[in-house]
Amino acid sequence: METQEFQKRGEGTQRRSPFDLIMNQIRRKKSLTERRQRPSVTRFFRPSEDSEKRGKSSSQTKESENDDTSRADGKENLEPGGLQTAVCSDSAGGEVCSVVGWGRVKMFAQKLGKKPDSRSLSLNHCDLTATDVVELATMLPFLTLLEELDLSWNDLIGGALKALTFHLQHINKLKTLKLSSCRLTAEDLTALGEALDYIPMLEILYLSWNNCIGGNLHTLTHKLEVGCRVKELHLVDCQLTARDAKSLGKKQGSHGSLKSLKVCEFE
């Protein structure tokens, strides 16, 4: 009987062992799958450090972008069309001129070997061209205190004076204008006559050694109306005609401010 019971126990253990093996395998698989899933779960639930780093980097990026935009805004304010201005030397009038605009004037004069002044700009003997005249015209709004402008002895600007005279309204305090030996044409003289209204304080006008304006002086003199302050009109060697002399005579008789009229030659 004992031997039979022992055999039954042995058979029971043999019968349970396959089941135990299967259960052990299942448990091992579960443990393996849990081990494999844990890293992904931890990656999914551990973004705190990365998010903090990303938040810091994004905030730093935003701050740098804000700094860049503020710097860009500061640069834009320094452009000629910007809002940043500075008071010119005339404190009584309180005129304002663009800082960068005056810088352009200085660079323009320096490249020609000249030194600009807020009240006097001398560009004689600079071989100016029509392109230079156009560039100078764009800078006149920054020269509101100008009282003397000398463009004499630049014989390449003839025919391009209209580009400049149109902007003389910005320098209405101008008292002396020198345009001697510039090869001025009849069109230049007409444009200059039309611009006299823009510079009502003009007292001295140099037009000597422009032999192409002869016969067309009336386009200028008819603008010398009552109230005009022109006192000196320099017309040396301009190939003037009898018609020019007649128009000048009329203006001298009716316009007493022409005290010093310098004329060298009549044809």
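Residues numbered from 1 in each chain as written. Predicted model: local features only at pLDDT ≥ 70, side-chain atom pairs only at ≥ 80, totals over all residues. Heavy atoms only, no water.

A. Quick look at the packing of aromatic side chains. Per the counting criterion, the structure on display carries one aromatic pair. Seen from their ring centres, Trp-153 and Trp-209 are 5.6 Å apart, and the 35° between their planes marks the pair as tilted. Here the residue Trp-153 occupies a position in the loop between strand E4 (148-150) and helix H5 (162-165), and Trp-209 occupies one in the loop between strand E6 (204-206) and helix H7 (218-221), the gap between them amounting to 56 residues. Here Lys-178 stacks its cationic end above the ring of Tyr-206, 5.3 Å away from the centre of that ring. (Phe/Tyr/Trp six-rings, centres within 6.5 Å; stacked < 30°, edge-to-face > 60°. Helix = DSSP H or I, 4+ residues; strand = E, 2+ residues; numbered from the N terminus. Lys NZ or Arg CZ within 6 Å of the ring centre and 35° of its normal.)

B. Summary view of the pattern of salt bridges. Inspection of every chain in the model, using the stated rule, returns three salt bridges. In this structure, the salt-bridge partner of Glu-147 is Arg-119, at a minimum N-O distance of 3.2 Å. Here Glu-147 is found in the loop between helix H4 (130-139) and E4, whereas its partner Arg-119 is found in the loop between helix H3 (99-111) and strand E3 (120-122), with 28 residues between them in sequence. The partner of Glu-148 in a salt bridge is Lys-178, with the nearest N and O atoms 3.4 Å apart. With a gap of 30 residues between them, Glu-148 in strand E4 and Lys-178 in strand E5 (residues 176-178) connect regions that are remote in the sequence. Since its relative accessible area comes to 21%, Lys-178 is described here as partly exposed. (Salt bridge = Lys/Arg side-chain N within 4 Å of Asp/Glu carboxyl O. Buried < 20%, exposed > 50% of the residue type's maximum accessible area, 1.4 Å probe, protein only.)

C. Molecular detail of the nonpolar core. In this structure, Leu-151, Leu-179, Leu-207, Leu-220 and Leu-235 are the most contacted members of the largest nonpolar core, which totals 45 residues. Looking at this core, the elements with two or more residues in it are H3, H4, helix H6 (186-195) and strand E7 (232-235). With four residues, the top contributor of residues to this core is H4. (Core = buried A, V, L, I, M, F, W, Y, C linked by side-chain atoms within 4.5 Å.)

D. Expanded view of H4. For H4, every residue scored as buried is listed here: Asp-132, Val-133, Leu-136, Ala-137 and Met-139. Buried residues in H4, looked at end-on, bunch into an arc of 155°, giving them a common side. (Arc of directions from axis to C-beta.)

E. Representation of the environment of Leu-240 within the structure. The residue Leu-240 is located in the loop between E7 and helix H8 (242-254) in this model. You can call Leu-240 buried: its relative accessible area is 0%. With 29 residues separating them along the chain, Leu-240 and Asn-211 place their C-alpha atoms 7.9 Å apart.

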